[in-house]
Every structure is written in C-alpha cells, then in structure tokens.
Amino acid sequence: GLFMWRLKSTGVRHIPCQFLHLCRAANDRLITFQYFNFLKRMYVTQCNKDLSQRAKPKSDPVVSPFHELQQLEQEKKVIHRISPIPSAHQPWPETSRRNELREVKSAAETGSVTAVRAESRDDRQWKEMKLRLDELPGILARLSKIKLTALVVSTASAGFAMAPVPFDLPCFLLASLGTGLASCAANSINQFFEVPFDSNMNRTKNRPLVRGQLSPLLAVCFAASCGIPGIALLTLGVNPLTGALGAFNIFLYTCCYTPMKRMSIANTWVGAVVGAIPPVMGWTAATGTLDAGALLLGGILYSWQFPHFNALSWGLREDYSRGGYCMMSVTHPGLCRRVALRHCLALIGLSAVAPVLDITTWTFPIISLPINLYISYLGFRFYRDADRSSSRKLFFCSLWHLPMLLLVMFTCKKSVLEKEDKGDLLGESHGRAVEIRLP
C-alpha cells in the first residue's frame with residue numbers, strides 16, 4: 001500500500017528510478033517473484049497505452065431485438081434439401097442403414113423439412129378401411145362371438161336330448177339353427193352398443209366395430225338378418241313357445257343385460273338367466289311344454305355360470321374398471337367369491353334333485369358327485385385365497401365341468417320305454433282298483 005501511494009505521488013516519470021532503488025535494496029528487504037511480476041504488470045498498464053488497449057477484450061456489437069427476430073425468422077424459412085445418396089457407399093451397420101434410408105427416402109419424397117412434418121401429421125389422421133370379401137366371414141364370426149354361440153347351441157342341444165320324448169331329427173336341426181341365429185343377433189347388437197366401452201379394454205379393443213373393420217350399419221343389418229329368420233324358424237318350424245323364449249332372450253340380453261353392466265352388479269344375475277334359457281328352449285322344442293325338467297336344466301346352467309363368470313372377471317378387474325363396467329369383482333370382491341362358492345355347492349343339490357323329478361336315474365348324483373366336489377373345492381380355494389391363480393383354476397375347471405356334467409346326465413337319463421311301462425303299470429293298477437271297487 002505504501003509502495004502504491006509512493007508511485008502515485010512521484011508520478012510515472014520517477015518509476016524507473018524507483019525500480020533501481022528497489023533492486024539496490026533487495027538485500028535489505030526480500031522481494032518475491034510474484035511481487036516482481038505484479039510491479040511489471042503495473043508498469044505496462046500505466047506507461048504503455050498500446051499494450052493496455054490490446055489487453056482489453058473486444059466488446060460485441062449492440063444489435064437491436066427487432067433485428068434478432070428478423071434473423072430468427074429467416075433461419076426458420078431456410079429449407080434444407082438432402083442430396084441423394086450415391087450408388088457406391090461404404091457399408092453401414094444394419095440398424096443405422098435402415099434408419100438412414102428411411103430418413104433419406106422421406107426427405108427425398110417431400111423435398112423439405114416442412115413437408116416431412118406435414119406427412120407425419122397426415123399419418124395420424126383417420127383413414128378409410130376397405131372391406132374385402134374374403135375377410136368378411138371371419139369378421140362376421142368375431143362380430144357374432146362364434147365360440148359363445150357354439151356354447152349356446154350345445155346347451156340347447158343338450159336340453160333337446162334330455163327331453164323324455166322320441167328324438168326328432170328335423171325338429172332338432174331347426175331348433176339348433178334357430179337358436180344359433182338368435183344368439184348371433186344378440187351378440188352383434190351387444191357389440192354395436194358397447195363400441196365406446198370396448199375400445200378402453202385390452203380384451204375387447206380388437207373387435208371388428210372397434211377397429212373399424214365393419215360399419216355400424218352393416219353390423220345392424222347382419223343382426224337383423226340373423227334375428228328375424230332365427231325367431232321365424234323357432235316359431236313356425238318348431239313351436240311358438242320356443243320362438244317366444246328366443247325373442248325374450250334376445251330382448252333380455254340386449255336391452256337389459258347390456259345397459260345394466262354399467263349400472264349395477266345385478267347384471268350378473270340377469271346374464272345368468274340369459275345363459276339358462278337355451279337348454280330350456282331345447283326342452284320346449286322337443287316337448288312343447290315348460291315343465292320341471294326344463295326348469296332343472298335351466299337351474300343347472302344358471303348356477304354353473306356364477307363360478308364360470310366370477311372366476312373369469314376376477315382376472316379382468318383392471319379391464320372392467322377401465323371400461324366403466326360395474327362388476328362384482330370390481331366393486332364387491334368379497335361377494336364375488338362368496339357367490340361363486342355358493343353356486344358350486346348348489347350344483348351338488350341340483351344334481352341330487354334330477355332323479356327325484358324322474359329325469360335321471362339315481363346313479364346320476366353318485367357319478368356326478370366327484371366332479372361337483374372338485375369344482376366346489378376350487379370354489380372354496382378361490383374364496384379363501386382370492387388370487388389370480390385360484391381364479392384361473394376355477395375358470396378352466398368350469399370349461400370342462402359343464403360338458404362332462406351334461407354328458408353324465410344324458411347317460412343316466414331315463415329312457416322313454418321305462419316311462420311308458422311305468423305309465424302303463426300305473427294305469428293297470430288304477431284299473432284294478434276301479435274293478436275291485438265295483439260290485
């Protein structure tokens with residue numbers, strides 16, 4: 001500090017003398033190398049103006065904001081064109097080659113970056129899908145849920161076969177065809193109503209109406225072309241009672257069960273009634289009457305559907321909640337498991353009622369007891385564990401349980417001759433009683 005004040009007081013002219021004086025006094029006072037450099041920099045900046053000007057950094061020119069905006073707009077308007085790739089080029093890796101070829105091809109076609117952006121924007125637009133005639137049968141099969149329709153026809157055929165009347169082949173074929181057409185119509189109308197909800201579910205997002213493979217008008221026309229001939233076949237070719245049951249089942253499935261799926265968990269019970277009607281239709285097609293045997297077959301199908309559907313819906317809870325469906329597995333999971341177990345046990349009781357109603361022999365409840373106990377055991381595990389593994393085991397068991405139960409029921413069915421002989425014996429005993437009473 002004293003040295004700086006000394007420099008200022010004496011002026012710049014006496015600095016060389018001062019510097020010599022300091023060098024002479026180096027033996028008296030120690031001057032470090034860093035301090036010597038500091039004195040040298042001070043001398044340069046004060047005495048040599050040219051060096052001081054060169055040491056100062058050059059300031060940037062001041063540009064107005066308006067000029068900067070103009071430059072940015074000009075840079076945006078610049079169109080970068082990509083030259084085509086020469087035929088002889090170095091071999092690239094396979095992945096980078098594909099990416100480069102795609103970029104060059106798209107840029108060469110459009111000619112500019114803005115055109116590429118417009119092309120990508122057009123790809124996100126809706127496109128018209130053309131319907132090919134060779135794909136139409138498969139699309140209509142998925143629209144009508146052909147697997148579910150096959151299950152409905154098989155249960156109706158079981159009801160026809162279990163009827164205590166002689167087998168009539170033309171009536172059986174007409175009843176099966178009419179039931180299948182009615183099921184196709186109901187399933188098609190169901191998909192027509194549920195397009196916005198099916199699009200939110202992974203299980204149903206690939207349905208024909210959701211993907212646009214089929215127009216809604218064509219779906220409605222297909223449903224009408226199946227439903228009207230199907231009900232006409234059942235009414236005119238079989239009997240009016242079977243036709244009325246078929247029409248009622250279409251109404252119950254499309255107008256009651258379908259909207260109730262988003263309103264209340266009671267839709268499961270309504271859907272169980274819909275699944276219980278086809279075997280009743282088979283029975284009425286053979287006999288023309290609605291008696292205890294038809295109600296028993298309907299009760300077996302009614303109870304079977306609860307372990308079947310509740311186990312299926314347990315693994316689809318995320319999908320049902322995403323689609324907005326009100327299912328027991330989503331809103332009442334405990335009730336879902338209890339109802340499944342309850343109806344598994346009900347199958348044992350219904351099998352025991354069959355010989356009481358004179359539909360099967362007493363061997364049917366005994367033979368069907370192991371499979372009924374097994375599905376009840378799986379229902380209990382589903383109720384206790386409440387996990388995806390137990391629900392899947394119960395669901396797959398229900399797939400083979402129903403056809404096996406109906407097959408055992410058919411093998412244990414009482415023949416028509418036994419019932420006629422029993423009726424003749426009852427008539428003879430009644431006649432003898434009348435003869436004994438006569439004088």
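Above this text you will find the structure in question.
This one's a predicted model, so the numbers in the text were calculated from it and none came from an experiment. (Residues numbered from 1 in each chain as written. Predicted model: local features only at pLDDT ≥ 70, side-chain atom pairs only at ≥ 80, totals over all residues. Heavy atoms only, no water.)

## Some words on the overall build of the protein
Each helix and strand counted, the protein has 22 helices and zero strands in total. When the 439 residues of the protein are sorted by exposure, 36% land in the buried category. Only carbon and sulfur atoms are counted for the fraction: they give 63% of the accessible area of the protein, which is about 27300 Å². (Helix = DSSP H or I, 4+ residues; strand = E, 2+ residues; numbered from the N terminus. Buried < 20%, exposed > 50% of the residue type's maximum accessible area, 1.4 Å probe, protein only. Areas by Shrake-Rupley, 256 points an atom, 1.4 Å probe, with all protein chains shown as cover.)

## Considerations on a nonpolar patch on the surface
Together, V353, V356, L357 and W362 make up an exposed nonpolar region whose accessible area comes to about 390 Å². For W362, the position within the fold is in the loop between helix 19 (333-356) and helix 20 (363-385). (Patch = residues over 30% accessible without salt bridge, like charges linked within 9 Å, V, L, I, M, F, W, Y side chains within 5 Å. Salt bridge = Lys/Arg side-chain N within 4 Å of Asp/Glu carboxyl O.)

## Concerning the packing of helix 10 (residues 169-193) against helix 13 (residues 216-238)
Helix packing for two helices is described by the angle between their axes and how far apart those axes are. Running from N to C, helix 10 and helix 13 point in directions that differ by 150 degrees, and their axes come no closer than 8 Å. Of the possible angle classes, the one that applies to helix 10 and helix 13 is roughly antiparallel. Our pair here, helix 10 against helix 13, has a crossing hand that is left-handed. Looking at the contact of helix 10 with helix 13 residue by residue, the classes come out as 21 nonpolar, six polar and no charged. (Axes fitted to C-alpha atoms, helices over the stretch in contact; angles between N-to-C directions. Parallel < 35°, antiparallel > 145°, perpendicular 65-115°, else oblique. Left-handed = near helix turned anticlockwise from the far one by under 90°. Nonpolar A, V, L, I, M, F, W, Y, C, P; charged D, E, K, R; others polar.)

## Details of the pattern of salt bridges
Any two side chains of opposite charge can pair if their charged atoms end up close together. Following the criterion strictly, the structure yields seven salt bridges and no others. Taking the shortest distance from any N to any O, the salt bridge between E318 and R388 comes out at 3.8 Å. One end of the pair, E318, is in helix 17 (residues 317-323); the other, R388, is in helix 21 (residues 388-411), and 70 residues separate them in sequence. Overall, R388 belongs to the partly exposed group, its relative accessible area being 43%. Between K414 and D358 there is a salt bridge, and its shortest N-O distance comes to 2.3 Å. One end of the pair, K414, is in the loop between helix 21 and helix 22 (416-437); the other, D358, is in the loop between helix 19 and helix 20, and 56 residues separate them in sequence. Using a relative accessible area of 21% as the deciding quantity, one classes K414 as partly exposed.

## A closer look at the nonpolar core
A general trend in soluble globular proteins is that nonpolar side chains are found buried together. Counting residues in hydrophobic clusters, the biggest one holds 61 residues, and the most contacted among them are L296, I300, F364, L394 and M409. Looking at which element gives the most residues to this core, the answer is helix 15 (residues 267-287), with ten residues. Viewed by domain, this core spans two of them, domain 1 (135-273 + 284-289) and domain 2 (291-417), each represented by three or more residues. Apart from the residues lying within four places of it in its own chain, the contact partners of M409 are M162, L296, L297, I300, A354, I359, T360 and F364. Within the second largest apolar cluster, ten residues are counted, among which are L209, L214, F222 and C226. (Core = buried A, V, L, I, M, F, W, Y, C linked by side-chain atoms within 4.5 Å. Domains from an automatic or database assignment. Contact = heavy atoms within 4.5 Å.)

## Brief notes about the environment of D198
Of note, D198 is situated in helix 11 (residues 195-198). For the pair D198 and V210, spaced twelve residues apart in sequence, the C-alpha separation works out to 7.0 Å. Leaving out residues up to four positions away in the same chain, D198 has contacts with T204, K205, R207, V210 and Y325. Among the polar contacts made by the side chain of D198, one reaches the side chain of Y325 at a distance of 3.4 Å. (Polar contact = N/O pair within 3.5 Å; in protein donor to acceptor, adjacent residues only side chain to side chain.)

## Comments concerning helix 9 (residues 146-162)
Taking 1.5 Å of rise per residue, 17 residues should cover 24 Å, and helix 9 covers 24 Å from first to last C-alpha, within 8% of that figure. Summarising the contacts, the buried residues of helix 9 are in contact with helix 10, helix 15, helix 16 (292-314) and helix 21. (Expected span 1.5 Å × (residues − 1).)

## Details of the packing of aromatic side chains
A complete count under the given rule lists twelve aromatic pairs for this structure. Between the aromatic rings of Y253 and Y257, the centroid separation amounts to 5.5 Å while the plane-to-plane angle is 20 degrees, which identifies the pairing as stacked. A residue pair is termed a helical-turn pair when its members lie 3 or 4 positions apart in one helix, as Y253 and Y257 do in helix 14 (residues 240-260) at four residues. Both residues of the pair, Y253 and Y257, belong to the buried class. (Phe/Tyr/Trp six-rings, centres within 6.5 Å; stacked < 30°, edge-to-face > 60°.)

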